[in-house]
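Read off the chains here:
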Amino acid sequence: MALPRFRDGCFLYVSDRGLAHLLLTRRGFAAITLGHVIVAAREPDDAIWRHELRHVRQYDRLGLAFLPVYLRLQAKHGYTRNPLEREAAGAISLFPDE
Ligand SMILES: [Zn+2]
C-alpha cells in the first residue's frame, strides 16, 4: 500500500493496485473511511472527497458506535437508502447543528 498523505485532518491512502484496491473496486466503491483514515481506489475527486469528509464527521459524532450503527442501517435500508450514506451524499442532515 502507498504511503499516506495528510489532507484536511485525515490520512489519505490512494491504493491504485493491490489487495485494498481489489477489495474496493470489486464492490464498486471509490473509497472507504475508517475514522480519520480514508482509503481510495484512485485519487479522489472533489465530490468523493466531500463525501468521505462527511463520513469522517459522522465518525467524530458517533465514535466507536459508527461501524455497528452503519452496518445495522445498511442491513435495514441498503446502501443508497442508508441514512449515513444519504447524509454523506448531502441529501439529508442528521446533525442539524452543523
Ligand atoms: Zn459513503
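The structure this text deals with has already been given above.
Residues numbered from 1 in each chain as written. Predicted model: local features only at pLDDT ≥ 70, side-chain atom pairs only at ≥ 80, totals over all residues. Heavy atoms only, no water.

**Section: a nonpolar patch on the surface**
A contiguous nonpolar surface patch, about 320 Å² in accessible area, is contributed by Leu19, Leu22 and Leu23. Examined against the element boundaries, Leu22 turns out to sit in helix H1 (residues 18-26). (Patch = residues over 30% accessible without salt bridge, like charges linked within 9 Å, V, L, I, M, F, W, Y side chains within 5 Å. Areas by Shrake-Rupley, 256 points an atom, 1.4 Å probe, with all protein chains shown as cover. Salt bridge = Lys/Arg side-chain N within 4 Å of Asp/Glu carboxyl O. Helix = DSSP H or I, 4+ residues; strand = E, 2+ residues; numbered from the N terminus.)

**Points about the coordination of the zinc ion**
Within the protein, the zinc ion binds to His51 (NE2), His55 (NE2), Glu85 (OE) and Glu85 (OE); these donor distances fall in the range 2.0 to 2.6 Å. Around the zinc ion, the 4 donor atoms are arranged such that angles at the metal cover 55 to 147°; this shape is classified as irregular. Of note, the zinc ion draws all its donor residues from one chain, in the sequence arrangement H-x3-H-x29-E. With His51 in helix H2 (residues 46-62) and Glu85 in helix H4 (residues 83-88), the pair connects residues that are 34 residues apart, well separated along the chain. Of the residues examined, His51 reaches a relative accessible area of 16% and is grouped as buried. (Donors = N, O, S within 2.8 Å, 3.2 Å for Na, K, Ca; no water. Tetrahedral: all angles 85-135°; square planar, octahedral: opposite > 155°, others 65-115°. Buried < 20%, exposed > 50% of the residue type's maximum accessible area, 1.4 Å probe, protein only.)

**Thoughts on the sheet that holds strand S4 (residues 37-40)**
The strand order across the open sheet formed by 4 strands is S1-S2-S4-S3, and the pairing between neighbours is mixed. A single partner strand is all that each edge strand has here, and the edge strands are strand S1 (5-7) and strand S3 (31-34). Going from strand to strand, the sheet's axes swing by 25° on average, the running direction of each strand aside. In the sheet, S3 pairs with S4 via 4 bridges, with the strands oriented antiparallel. The residue of S4 that forms the bridge with Thr33 is Ile38. Contacts from H2 reach S1, strand S2 (10-14), S3 and S4, with the element oriented near 20° to S3. (Pairing = 2+ DSSP bridges. Axes fitted to C-alpha atoms, helices over the stretch in contact; angles between N-to-C directions. Contact = heavy atoms within 4.5 Å.)

**Observations regarding the packing of H2 against helix H3 (residues 66-77)**
Running from amino to carboxyl end, H2 crosses H3 at an angle of 115°, the nearest separation of the two axes being 9 Å. Mapping the contact onto sequence places His55, Gln58, Tyr59 and Leu62 in H2 and Phe66, Leu67, Val69 and Tyr70 in H3. For the contact of H2 with H3, the class distribution of residues is 6 nonpolar, 2 polar and no charged. (Nonpolar A, V, L, I, M, F, W, Y, C, P; charged D, E, K, R; others polar.)

**A closer look at the nonpolar core**
Cys10, Leu12, Val14, Ala31, Ile38, Ala40, Ile48, Trp49, Leu53 and Val56 form the largest nonpolar core, which has 10 residues in total. Looking at this core, the elements with two or more residues in it are S2, S4 and H2. The greatest single-element share of this core, amounting to 4 residues, is contributed by H2. Sequence-distant contacts of Val14, that is, excluding residues within four places in its chain, are made with Ala2, Arg5, Ala40, Arg42, Glu43 and Pro44. (Core = buried A, V, L, I, M, F, W, Y, C linked by side-chain atoms within 4.5 Å.)

**Considerations on H2**
Look at H2: 24 Å from first C-alpha to last across 17 residues, which is about the 24 Å you get at 1.5 Å a residue. Three or more residues of H2 are buried, namely Ile48, Trp49, His51, Glu52, Leu53, His55, Val56, Gln58 and Tyr59. Those residues of H2 that are buried lie in contact with S1, S2, S3, S4, H3 and H4. N-capping of H2 is provided by Asp45, with a side-chain oxygen placed 3.2 Å from the backbone N of Ala47. Just downstream of H2 lies Gly63, where phi reads positive at about 60°. (Expected span 1.5 Å × (residues − 1). Polar contact = N/O pair within 3.5 Å; in protein donor to acceptor, adjacent residues only side chain to side chain.)

Functional significance is not addressed by these values, which are geometric in nature.
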